[in-house]
Amino acid sequence: MTTNPGARTDGTGEAWTSASLAALDLEGSGAQDHEDEAILEIAIVPLAAGQPDTDAAYTTLINPGRRIPRRPWISPGLTNAALATAPVSAEVEPELAHRIDGRILVGHNIGVDWRLLHRRHPAITPAALIDTLRLARHLKLGAKNSLSALTAQFGLSAEIERLAGGSQPHRALWDTIAAALLLPALIAKAWPTGATLTDLLGIAAIDLQTPSPIKTSEAVTQDALFGAAE
């Protein structure tokens with residue numbers, strides 16, 4: 001029998017690897033748009049036995065229904081020409097609901113993504129939120145806590161590039177796969193003998209009922225939009 005070193009079942013709860021998890025990242029037009037902020041791209045990658053199942057990944061551009069001014073924090077490739085041919089938000093909502101409802105969402109600074117997702121799709125109902133940024137801060141790794149810095153620190157960059165194909169940092173698929181690979185690396189660091197879902201939620205859960213508020217700095221800084229934090 002193969003044993004996952006990051007999982008533990010000891011009578012105190014379900015192994016985290018057995019939970020229904022899906023990593024998520026989205027790219028938005030920017031918090032300076034306030035209530036009009038649009039989702040431009042989203043990716044969802046389910047986790048199977050604690051690892052990203054890229055064969056079941058879903059990613060799409062989303063047509064915001066208006067032209068988006070060129071801003072320095074909007075990722076390359078998210079051009080008005082590309083977005084104009086993408087499906088609109090209402091067209092992708094059934095697929096998003098199918099992939100998210102009842103699952104625990106995982107992401108880096110997931111509260112920022114959830115705030116925008118909940119605003120644009122309030123009927124979507126994940127079971128919980130797990131924040132890899134919160135877990136990294138708990139570990140006090142002594143390094144920057146941005147997604148790119150942490151994945152480099154744990155030697156995950158090559159595997160992200162392999163699994164994400166032609167994607168790149170600050171695009172939804174790359175960041176989603178990065179968070180999905182970072183999660184088990186952080187768990188192994190936090191719980192060397194394995195973790196239950198209860199363990200993980202106790203440290204890394206974000207309150208689902210109170211999406212992260214817009215911060216003043218989010219409106220003007222790239223790091224806040226992309227979830228990079230110290």
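No experiment lies behind these values; they were computed from the predicted model shown.

What counts as what
Residues numbered from 1 in each chain as written. Predicted model: local features only at pLDDT ≥ 70, side-chain atom pairs only at ≥ 80, totals over all residues. Heavy atoms only, no water. pLDDT = per-residue confidence, 0-100. Contact = heavy atoms within 4.5 Å. Salt bridge = Lys/Arg side-chain N within 4 Å of Asp/Glu carboxyl O. Helix = DSSP H or I, 4+ residues; strand = E, 2+ residues; numbered from the N terminus. Buried < 20%, exposed > 50% of the residue type's maximum accessible area, 1.4 Å probe, protein only. Polar contact = N/O pair within 3.5 Å; in protein donor to acceptor, adjacent residues only side chain to side chain. Pairing = 2+ DSSP bridges.

## As for the confidence of the model for the protein chain
Piece 1. Looking at the protein chain as a whole, its pLDDT mean stands at 88, while 86% of the residues score no less than 70.
Piece 2. Low pLDDT, under 50, characterises residues 214–230; the predicted model gives this stretch 38 contacts beyond four residues in sequence or across chains.

## Topic: the pattern of salt bridges
Piece 1. Inspection of every chain in the model, using the stated rule, returns seven salt bridges.
Piece 2. For Arg171, the salt bridge identified is with Glu41, shortest N-O distance 2.8 Å. Separated by 130 residues along the polypeptide, Arg171 in the loop between α6 (157–164) and α7 (172–190) and Glu41 in strand β2 (residues 39–48) bring together distant segments of the chain. Neither residue differs from the other here; Arg171 and Glu41 are each classed as buried.
Piece 3. Taking the shortest distance from any N to any O, the salt bridge between Arg99 and Glu95 comes out at 2.6 Å. Taken as a pair, Arg99 and Glu95 lie in helix α2 (residues 89–100) at a separation of four residues, close to a single helical turn.
Piece 4. With relative accessibility at 21%, the residue Arg99 sits in the partly exposed group.

## Side note on the side chain of Thr132
Piece 1. With respect to the secondary-structure elements, Thr132 resides in helix α4 (residues 132–139).
Piece 2. What makes Thr132 buried here is its relative accessible area of 0%.
Piece 3. Separated by 2.7 Å, the side chains of Thr132 and His108 make a polar contact.
Piece 4. If sequence neighbours within four positions are ignored, Thr132 has contacts with Val106, Gly107, His108, Ala179, Leu182, Leu183 and Leu186.

## Points about the pairing of strand β5 (residues 104–107)
Regular strands place their side chains on alternate faces of the sheet.
Piece 1. Burial of the side chains of β5 extends over both faces: Ile104 and Val106 are buried on one face and Leu105 and Gly107 on the other.
Piece 2. By the bridge criterion, three bridges tie strand β1 (residues 21–28) to β5 in an arrangement that is parallel. When the sheet's bridge partners are listed, Ala22 is paired in β5 with Leu105.
Piece 3. Pairing geometry for β5 and strand β6 (residues 128–131), over four bridges, is parallel. When the sheet's bridge partners are listed, Val106 is paired in β6 with Ile130.

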